[in-house]
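Observations on the three-dimensional arrangement
Each chain, written out:
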Amino acid sequence: MTVNVDKLDPRNHIIVKGAKVNNLKNLNVAIPRNKLVVVTGVSGSGKSSLAFDTLFAEGQRMYVESLSSYARQFLGRMEKPEVEYIKGVCPAIAVEQKVNTRNPRSTVGTTTEIYDYLKLLFARIGKTYSPVSGEEVKKDTVTDVVNFIQSYKDGTRFMVLAPLVVKQDREVKDELNILLQQGFSRVMFNGEVTFIEELVEKDDLPASEDVSLEVLLDRSAVKADDEDNQFRIADSVQTAFFEGHGECVIEVLPKGEEKVRRTFSDKFDADGLSFEEPSVNLFSFNNPYGACKKCEGFGHVLGIDQDLVIPDKSLSIFEGAVAPWRSETMSKWAQPLIKHGIEFDFPIHRTYSELTEEEQQLLWTGNSYFKGLNDFFKFLESKSHKIQYRVMYSRYRGRTVCPDCKGTRLRKDAGYVKVGGKSIIELVLLPIRDLHGFFDTIQLADHEKKIADRLLTEINNRLGYLEKVGLGYLTLNRLTSSLSGGEYQRIKLATSLGSALVGSMYILDEPSIGLHPRDTLNLVSVLKELRDLGNTVIVVEHEEEVMKAADQIIDIGPDAGAHGGELVFQGDMNELMDKNVSHTSRYLHGIEVIPVPKKRRKANKFIKLVGARENNLQSVDVDFPLNVITAVTGVSGSGKSTLIKQVLQPALGKFLGQYNDLSGKYDKLEGDLNAINRLEFVDQNPIGKSSRSNPVTYVKAYDVIRQLYAEQGLAAQRGYKPAFFSFNVDGGRCEACQGEGFVKVEMQFMADIYLTCESCKGKRFQNEILEVKYKEKDISEVLDLTIAEAIEFFAEKPKIADKLRPLFEVGLGYIKLGQSSNTLSGGEAQRVKLASYLVKGNLKQGEKILFIFDEPTTGLHFHDINKLMTSINALVEQGHSVIIIEHNMEVIKSADWVIDLGPEGGDGGGMICFEGTPEEMAKIKNNHTAGFLKEKVG
């Protein structure tokens, strides 16, 4: 399909002519401005090359061109996208698939910037309330005191006094002499106004502790309209605050009435407590000033882990629920409780889980009859010089919620400051949908509204977007590292939307990842809203619902890698459905389908997880069948990632001795545990830890390729060993770029720029090494082959081809052998890992592995999901077990067993709604997943 772009107006279109980036074949395309455009096509067809490497790269380059000369000095060397021309490009914002951060301080609130606005809101209009009386804490100003005096009738007499504290090393007479020298003449001495000179002459002055002493700074009468008098009072009050170290006493003598005496303070005090004035730092857990002193703002401390102390909650105290008291030597700690429990009504035969909160707490604190667990662990700590006690103590330590801040990370007194009746600590623990409701209905005084108006607009905008992208069940305090990949990407999307730019080009990389089909519709409304603001929204996507909503669909193909890179279709959904032009149209038409398995595998072995209750899980019991494919489904936020990643994986990992990190709460793990001897969690984190890692090294094919090149005549003649053909070690690699192929230029306050190495021109090796060839190709050219091309190239070398074939089979035939791991998307990295398990010889014979896949369809077209399921089935045929966390209906219908969580997200989820086959599930009513699955298996 060719498009004549020369005649189009760049004011109405973003025009790309002759794009040759990566596998694009001289592509011409015109993208209409201010529309929602979906770019689709099979994996590796060139979608990302067009959207990110061409359009976004040009948008970024044009932005950098507008910067200072320091930044521009690199532009001559900065590579332009390989195109004839691009016209009409707007400022570009990319929301890419990035695996979430592992920063232990990063939360949903800080990532979305909502927490920054909250801190500012509380610092500006927050009111501090005393925890003792519940009264608002205020400090008095000079104006407050003057207004109090002026509130009396004209002619009313009053005195301005400052309390005087006699310093420890002075007598009363010494203090009075100093006052004289300062120019004061009278004091209030034990309730009577007296001249200082008279008091100084007395020899029998009482001791300082028996004296009430106040300096008289002024006495006058109220004059309503006398401005000079008001200035005089204000001056005296100011001096009184200074002399009284923050306190000032006003004594008023109304005619014919009792005298009124009132103390004012310009300190932030109440009920004998001193409070911190609200400031931004007081509410910042990333700042030593605001962070909880015990956990330093992490929310967790290394302490005694209650789940390790009482591992089985279904046991009673009598049956040995307390693990450290089971041993013969330590059972003496439990005896007093068992013996005297009846005297204070403690049920020793009731299971721990059935005890009331007070009874559970008593077990830790103890009473006059027995010493509790807290005392027991203090005893162990005191005996830590003995190895057996030290070992026992360490056995029950783990990362636990901080007892001081209860996991909220802030110092305690930050919770005394409130806005709308709630503290910042209470707000960050509310689900986002409730928090949005709170800020929508908040009642503020007029002057507070003026201050908070702009802040509340920003907070409400961002909360609204988080709700719309299906994240209303999260709390702002939730750690970013505990989110699923899809949740994290939608948080980044909501953050971009919150800034609500206009006239920009938003490029989104599969925003529907991790979204249940039910939630995709909300996402579509957000994308339309972004378009309606006046932005061009370009979405790289495979999801049918998003395609239906698009103003235009651009289909790149027809296949992957060298067989892609062409524009096969441009138009709307109806036109695409009418044509048989690509894999996309054929799958939407039903010409090509992912078949429903003819029969489901039956499981006869299970692993049972009992009482899982982390995050929103409501103490669920789940059976996971072995030697089959199990799909774990449910709407976004229903608890899938929590159940698998935070409870099952750590629990099973600990049983197999593979894991020692914090695990989610559960009662016990039982069943056919010995039927598994290894656990593999295949997530979307990058393969390898550096940019040197790449697919060919990951599947261990590069060792054989290097050996092949070392055997060539010229290499043998020159004495080149296999290591000379490695870009990771000294020898044959280019030393200017250390075998990277590019040089990093640090840009100080901007993202670093990577430029092609001038010495080796990006080939990574020295020229002499490149003289060694196999079938007319040097080692650098081989690394530049795609997987599909390499299988053909090494057809006569089965040792190499067999190691590469699994990469092709999982739908990665288009990626290059030497492609750096940091250029692979999350889904691609996950499939490289899957391929490495399918390579013969990479898994030990007789091993029984449980594979857990976290949304493996990320970045996959229908056509590639077919290949993926073939590969996953191959693992099960080898005797392994597979659990897949997934929303994609094609995968769910292909599974042998489905475990559905829900019914809703957040507080409304965390329950098991269904366990069984896809056919059984499609029959159930009032279930979000079943409704969509019915169309696929019905």
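In short, a report on the structure. Given the structure is predicted, the values throughout are model-derived calculations rather than measurements.

Structural notes on the overall build of the chain
- The secondary structure content of the chain amounts to 34 helices and 33 strands.
- Counting only C-alpha atoms and orienting by the principal axes, one finds that the chain spans roughly 120 × 80 × 65 Å.
- Relative to its 938 residues, the chain shows a buried fraction of 53%.
- Across the chain, the fraction of contacts at a sequence separation of at least 24, relative to all contacts at a separation of at least 6, is 69%.
- Total accessible area on the chain stands at roughly 43,200 Å², and carbon and sulfur atoms take up 47% of it.
- Side-chain charges of the chain comprise 116 positive and 131 negative groups, with the mean position of each set lying 6 Å from the other.

Section: the packing of helix α4 (residues 114-125) against helix α16 (residues 446-468)
- Contact geometry for α4 and α16: axes closest at 10 Å, N-to-C directions at 160°. The orientation of α4 with respect to α16, classified from their angle, is roughly antiparallel. Here the hand of the crossing between α4 and α16 comes out left-handed. In this structure, α4 contributes Ile114, Tyr117, Leu118, Leu120, Leu121, Arg124 and Ile125 to the contact, and α16 contributes Glu448, Ile451, Ala452, Leu455, Leu456, Glu458, Ile459, Arg462, Leu463 and Leu466.

Digging into a negative patch on the surface
- Taken together, the side chains of Asp434, Asp440, Glu467 and Asp907 define an acidic patch exposed on the protein surface.
- Topologically, Glu467 is positioned in helix α16.
- Among the residues examined, Glu467 registers a relative accessible area of 30% and is labelled partly exposed.

Things to note about the pattern of salt bridges
- Taken as a whole and judged by the stated rule, the model has 40 salt bridges.
- Between Arg531 and Asp551 there is a salt bridge whose closest N-O contact spans 3.0 Å. Residue Arg531 is found in helix α18 (residues 517-532), and its partner Asp551 is found in the loop between α19 (544-549) and β21 (552-557); the two are separated by 20 residues along the sequence.
- Of the charged contacts, one joins Arg613 and Asp667 as a salt bridge, the two residues approaching to 2.9 Å between their closest N and O atoms. Linking Arg613 in the loop between β23 (606-612) and β24 (620-625) with Asp667 in the loop between α22 (640-655) and β26 (668-671), this pair joins segments that are 54 residues apart in sequence.
- The structure contains a network of salt bridges with shared partners spanning Glu113, Arg454, Glu458 and Arg462.

Observations concerning the sheet that holds strand β3 (residues 36-40)
- Reading across the sheet, the 6 strands line up as β5-β19-β20-β3-β21-β22 and stay open at both edges, with mixed pairing between neighbours. Both outer strands of the open sheet, β5 (92-95) and β22 (566-571), are each paired with one neighbouring strand and no more. Sheet twist, expressed as the average angle between the axes of neighbouring strands with direction ignored, equals 20°.
- Sheet topology places β3 next to strand β20 (residues 536-540); 4 bridges connect them, and they run parallel. Note on β20: the bridge partner recorded for Val39 is Val540.
- Contacting β3, β5, β19 (505-509), β20 and β21, helix α1 (residues 47-65) runs over the sheet at an angle of about 145° to β19.

As for the sheet that holds strand β4 (residues 85-87)
- Read across the sheet, 3 strands follow the order β2-β1-β4 without closing on themselves; strand pairing throughout is antiparallel. Sheet topology places β2 (27-32) and β4 at the edges, where each strand pairs with a single neighbour. Geometrically, the sheet is characterised by an average inter-axis angle of 5° between neighbouring strands, direction not taken into account.
- In this sheet, β2 lies alongside strand β1 (residues 13-19) in antiparallel orientation, the contact comprising 5 bridges. Bridge pairing in β2 places Ile15 opposite Ala30.

A closer look at the pairing of strand β30 (residues 849-854)
- Burial analysis of β30 places 6 of its 6 residues in the buried class, the great majority of the element.
- Side chains Ile849, Phe851 and Phe853 of β30 all project onto a buried face; the interleaved residues Leu850, Ile852 and Asp854 project onto the opposite face, where all are buried too.
- Note: β30 against strand β31 (residues 881-885), 5 bridges, orientation parallel. Bridged to Phe853 within β31 is Ile884.
- Following the backbone out of β30, through helix α31 (residues 862-877) and into the adjacent parallel β31, one traces a crossover that is right-handed.

A few points about the packing of aromatic side chains
- One pass over the full model with this rule turns up 28 aromatic pairs.
- For the ring pair Trp333 and Phe379, a centre distance of 5.5 Å and an interplane angle of 45° mean the geometry is tilted. Linking Trp333 in the loop between α9 (306-309) and α10 (335-340) with Phe379 in helix α12 (residues 373-382), this pair joins segments that are 46 residues apart in sequence.
- What links up through ring pairs into an aromatic cluster is the set Trp325, Trp333, Phe376, Phe377, Phe379, Tyr389, Tyr393 and Tyr396.
- The aromatic ring of Phe148 is capped on one face by Arg262, whose charged end is 5.0 Å from the ring centroid.
- Its end group placed over the ring of Tyr289, Arg411 keeps NZ or CZ at 5.0 Å from the ring centre.

Looking at the environment of Glu847
- Structurally, the position occupied by Glu847 is in the loop between α30 (826-838) and β30.
- Relative accessible area serves as the criterion here: at 12%, Glu847 is assigned to the buried category.
- When the C-alpha positions of Glu847 and Gly366 are compared, they lie 49 Å apart, and in sequence the two are 481 residues distant.
- Discounting chain neighbours no more than four positions away, the residues touching Glu847 are Asn677, Arg678 and His880.
- Of the polar contacts made by the side chain of Glu847, one reaches the side chain of Arg678; its length is 2.7 Å.

What to know about helix α13 (residues 387-395)
- Along α13, the residues classified as buried are Tyr389, Met392 and Tyr393. Down the axis of α13, the smallest arc covering the buried residues is 100°, so these residues share one side. Summarising the geometry of α13, the exposed residues directed more than 90 degrees from the buried face are Ile387 and Arg395.
- Against the buried residues of α13 lie β15 (300-304), α12 and β16 (397-401).

A short note on the nonpolar core
- Ranked by internal contacts, the top residues of the largest apolar core, which has 136 residues, are Leu118, Phe439 and Ile705.
- Every residue in contact with Ile705, bar those within four places of it in the chain, is listed here: Val696, Ile779, Val782, Phe794, Ile800 and Leu817.
- Counting residues in each nonpolar core, the second largest holds 32 residues, with Val145, Phe184, Ile196 and Phe264 among its members.

Quick look at unusual backbone geometry
- Backbone torsion omega between Gly557 and Pro558 reads 0°, so that peptide bond is classified as cis.
- Counting through the fold element by element, Pro558 comes out in the loop between β21 and β22.
- Going from Gly902 to Pro903, the amide bond is cis rather than trans, its omega being 5°.
- Located in the positive-phi region is His245, a residue other than glycine, with phi close to 50°.
- By the secondary structure assignment, His245 is in the loop between α8 (227-243) and β11 (247-253).
- You can call His245 exposed: its relative accessible area is 56%.
- A positive phi is found at Glu510, a non-glycine position, where the angle reads about 50°.
- Mapped onto the secondary structure, Glu510 falls in the loop between β19 and α18.
- Looking at Glu510, the relative accessible area reads 7%, which means it is buried.

Quick word on the state of the cysteines
- If you walk through the whole model with that rule in mind, you get 0 disulfides.
- There is no disulfide at Cys295, and the cysteine sulfur nearest it, in Cys405, is 3.7 Å away.

Digging into the side chain of Glu855
- Here Glu855 shows up in the loop between β30 and α31.
- For Glu855, which is buried and forms no salt bridge, the nearest opposite charge comes from Lys640, at a distance of 6.5 Å.
- Glu855 has contacts with Ile513, Gly514, Gln684, Gln830, Ile885, Glu886 and His887, leaving out every residue within four places of it along the chain.

Re the environment of Ile594
- Along the chain, the position of Ile594 falls in the loop between α21 (583-589) and β23.
- A residue is classified by how much of its surface remains accessible, and Ile594, at 5% relative accessible area, is buried.
- Discounting residues that sit within four places of it in the chain, Ile594 has contacts with Tyr587, Phe862, Ile865, Asn866, Glu890, Lys893 and Ser894.

Quick notes on the side chain of Thr54
- Turning to its location among the elements, Thr54 is positioned in helix α1.
- When its relative accessible area of 0% is taken as the criterion, Thr54 is described as buried.
- Among the polar contacts listed, one links the side chain of Thr54 to the backbone oxygen of Ser49, at a separation of 2.7 Å.

Conventions we followed
- Residues numbered from 1 in each chain as written.
- Predicted model: local features only at pLDDT ≥ 70, side-chain atom pairs only at ≥ 80, totals over all residues.
- Heavy atoms only, no water.
- Helix = DSSP H or I, 4+ residues; strand = E, 2+ residues; numbered from the N terminus.
- Buried < 20%, exposed > 50% of the residue type's maximum accessible area, 1.4 Å probe, protein only.
- Contact = heavy atoms within 4.5 Å.
- Areas by Shrake-Rupley, 256 points an atom, 1.4 Å probe, with all protein chains shown as cover.
- Lys, Arg positive; Asp, Glu negative; His and termini not counted.
- Charge placed at Lys NZ, Arg CZ, Asp CG, Glu CD.
- Axes fitted to C-alpha atoms, helices over the stretch in contact; angles between N-to-C directions.
- Parallel < 35°, antiparallel > 145°, perpendicular 65-115°, else oblique.
- Left-handed = near helix turned anticlockwise from the far one by under 90°.
- Patch = residues over 30% accessible without salt bridge, like charges linked within 9 Å, V, L, I, M, F, W, Y side chains within 5 Å.
- Salt bridge = Lys/Arg side-chain N within 4 Å of Asp/Glu carboxyl O.
- Pairing = 2+ DSSP bridges.
- Right-handed = clockwise from strand over helix to strand, strands pointing away.
- Phe/Tyr/Trp six-rings, centres within 6.5 Å; stacked < 30°, edge-to-face > 60°.
- Lys NZ or Arg CZ within 6 Å of the ring centre and 35° of its normal.
- Polar contact = N/O pair within 3.5 Å; in protein donor to acceptor, adjacent residues only side chain to side chain.
- Arc of directions from axis to C-beta.
- Core = buried A, V, L, I, M, F, W, Y, C linked by side-chain atoms within 4.5 Å.
- Disulfide = S-S within 2.5 Å.

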